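# Structural overview for review
Read off the chains here:
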Amino acid sequence: MAWYVVRRLLQMIPVFIGATLLVYAMIFLIPGDPIRALAGDKPMTPGLEAALRARYHLDQPFIIQYLDYLKGIFTLDFGTAFSGRPVRAELARAFPITLRLSVIALVVETVFGVAFGLVAGLRKGKLFDSTLLVISLVIIAVPIFVVGFLAQFLLGVKWGIAPVTVSGKAPWGQLIVPGIVLGSLSFAYVLRLTRNSVAENMTADYVRTATAKGLSRRRVITVHILRNSMVPVVTFLGTDLGALMAGAVVTEGIFNIPGVGGTLFQAVIRGEAPTVVSFVTVLIVIFLLSNLVVDLLYAALDPRIRYA
């Protein structure tokens, strides 16, 4: 097991370098001059322009800029944003907020998606199953910004049971409604994945054998059906954490959440390569580590899987 983890960590190194290089190149190729955009309509002297280019390493070739940034990553020096604040400070401010939002969304989709999917799979073809399939299909079909604005209007404006927007510190309580909105699409997918997997495992030979041995229905469901049905669900959830954090731009915009989404969007507009790549780098690390956790969970869920 330990050697497998080490091997997977070593495999992550070229993936990490390739992903950050690709993102850095895309930001580098964005049309426009970030220094000119920083000045706006105000005139800028050649000396000031040269000093700013040297400060943000924009006077260097692309590969030198990237290698300098890569060196800074290993020393936890992510550079300076155009606002003058260290990028590390922006990371420390924005990521905990988006992480809290993503955790709420992940808990919602995991708890309710698995629970409703289990019941629907056990009642395949019944009214409850058909109703949940229709509801999940509607959630998938409706864009998330529509769900967000609808939740904001009904819960915040009309009924007044939730804040319309989130304050600067974004406490857990104010992030519940945005978290539900963010996790609504994934909830529908988890529900359908669990339902289909449970319904398929209901007819498996090992389930019939366990029932014939006289095991209680509760044990058959929890130990044999649900456990084996979690493999595709865990796969989806492992990749979804990074997707939730990266896809929180719309939700954060609707509820005015000062998290990764808004900061990343403004950095792309201004062409701040260090800020964009730093935020994306953290997302890449989260995505890689979550996939490693998923691989390790396979062995716990399926006894046939063993990592030598």
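Where an unreviewed UniProt entry is consulted, the chain appears under the name ABC transporter permease, with the organism given as Nocardia jiangxiensis. You can read under Sequence similarities (unreviewed entry) in the UniProt record for the chain the words "Belongs to the binding-protein-dependent transport system permease family." Turning to the chain, the UniProt annotation filed under Subcellular location (unreviewed entry) states: "Cell membrane".

## What about the overall build of the chain?
From N to C terminus, the chain includes 13 helices and zero strands. Its helices and strands in sequence order give the chain the pattern α-α-α-α-α-α-α-α-α-α-α-α-α, from N to C terminus. For the chain, the residues scored as buried account for 41% of the 308 residues in total. Taking contacts inside the chain between residues at least 6 apart in sequence as the whole, the part at least 24 apart equals 77%.

## Section: a nonpolar patch on the surface
A grouping of Val134, Val138, Val142, Phe145, Val146, Phe149, Val249, Val250, Phe265 and Ile269 is seen on the molecular surface, where their side chains present a nonpolar patch of about 840 Å² in accessible area. Mapped onto the nonpolar patch, the elements with two or more residues apiece are α6 (127-141), α7 (144-158), α11 (249-254) and α12 (260-270). Of all the elements, α7 adds the most residues to the nonpolar patch, at three residues. With respect to the helices and strands, Val250 occurs in helix α11.

## Observations regarding the nonpolar core
Across soluble globular proteins, nonpolar side chains have a tendency to be buried as a group. Of all hydrophobic cores here, the largest spans 30 residues; its most connected members are Phe95, Val276 and Phe279. Listed by contribution, the elements that provide at least two residues to this core are α1 (2-28), α4 (62-74), α5 (87-122), α10 (217-246), α12 and α13 (273-301). With ten residues, α13 is the largest single contributor of residues to this core. Beyond its immediate stretch of four places on either side in the chain, Phe95 contacts Met245, Val260, Phe279, Val282, Leu283 and Ile286.

## A word on the pattern of salt bridges
Side chains that carry opposite charge are capable of pairing whenever their charged atoms lie near each other. Scanning the model with the defined rule gives five salt bridges in all. For the salt bridge of Glu90 with Arg93, the shortest nitrogen-to-oxygen distance reads 3.2 Å. Of this pair, Glu90 and Arg93 both sit in helix α5, separated by three residues, roughly a single helical turn. A relative accessible area of 10% places Glu90 in the buried class.

## Looking at unusual backbone geometry
Positive phi values are uncommon outside glycine, yet Ala170 reaches one of about 50 degrees. Relative to the elements of secondary structure, Ala170 occurs in the loop between α7 and α8 (176-201). Classification of Ala170 by relative accessible area gives buried; the value is 0%. The phi torsion at Asn256 lies on the positive side, around 55 degrees, for a residue other than glycine. As for its placement among the helices and strands, Asn256 is situated in the loop between α11 and α12.

## Some thoughts on the packing of α5 against α8
At a closest axis distance of 6 Å, the pairing of α5 and α8 adopts a crossing angle of 30 degrees. Taken together, the axes of α5 and α8 are roughly parallel relative to one another. With respect to the hand of their crossing, α5 and α8 are arranged in right-handed fashion. Among the residues making up the contact of α5 with α8, the classes are represented as 19 nonpolar, eight polar and two charged.

## Side note on α1
If you check α1, its first and last C-alpha atoms are 39 Å apart, about what 27 residues at 1.5 Å a residue would give, namely 39 Å. For α1, the complete set of buried residues consists of Tyr4, Arg8, Met12, Phe16, Thr20, Val23, Tyr24 and Ile27.

Quick notes on the rules
Residues numbered from 1 in each chain as written. Predicted model: local features only at pLDDT ≥ 70, side-chain atom pairs only at ≥ 80, totals over all residues. Heavy atoms only, no water. UniProt positions renumbered as here; feature names shortened; annotations may be inferred. Helix = DSSP H or I, 4+ residues; strand = E, 2+ residues; numbered from the N terminus. Buried < 20%, exposed > 50% of the residue type's maximum accessible area, 1.4 Å probe, protein only. Contact = heavy atoms within 4.5 Å. Patch = residues over 30% accessible without salt bridge, like charges linked within 9 Å, V, L, I, M, F, W, Y side chains within 5 Å. Areas by Shrake-Rupley, 256 points an atom, 1.4 Å probe, with all protein chains shown as cover. Salt bridge = Lys/Arg side-chain N within 4 Å of Asp/Glu carboxyl O. Core = buried A, V, L, I, M, F, W, Y, C linked by side-chain atoms within 4.5 Å. Axes fitted to C-alpha atoms, helices over the stretch in contact; angles between N-to-C directions. Parallel < 35°, antiparallel > 145°, perpendicular 65-115°, else oblique. Left-handed = near helix turned anticlockwise from the far one by under 90°. Nonpolar A, V, L, I, M, F, W, Y, C, P; charged D, E, K, R; others polar. Expected span 1.5 Å × (residues − 1).

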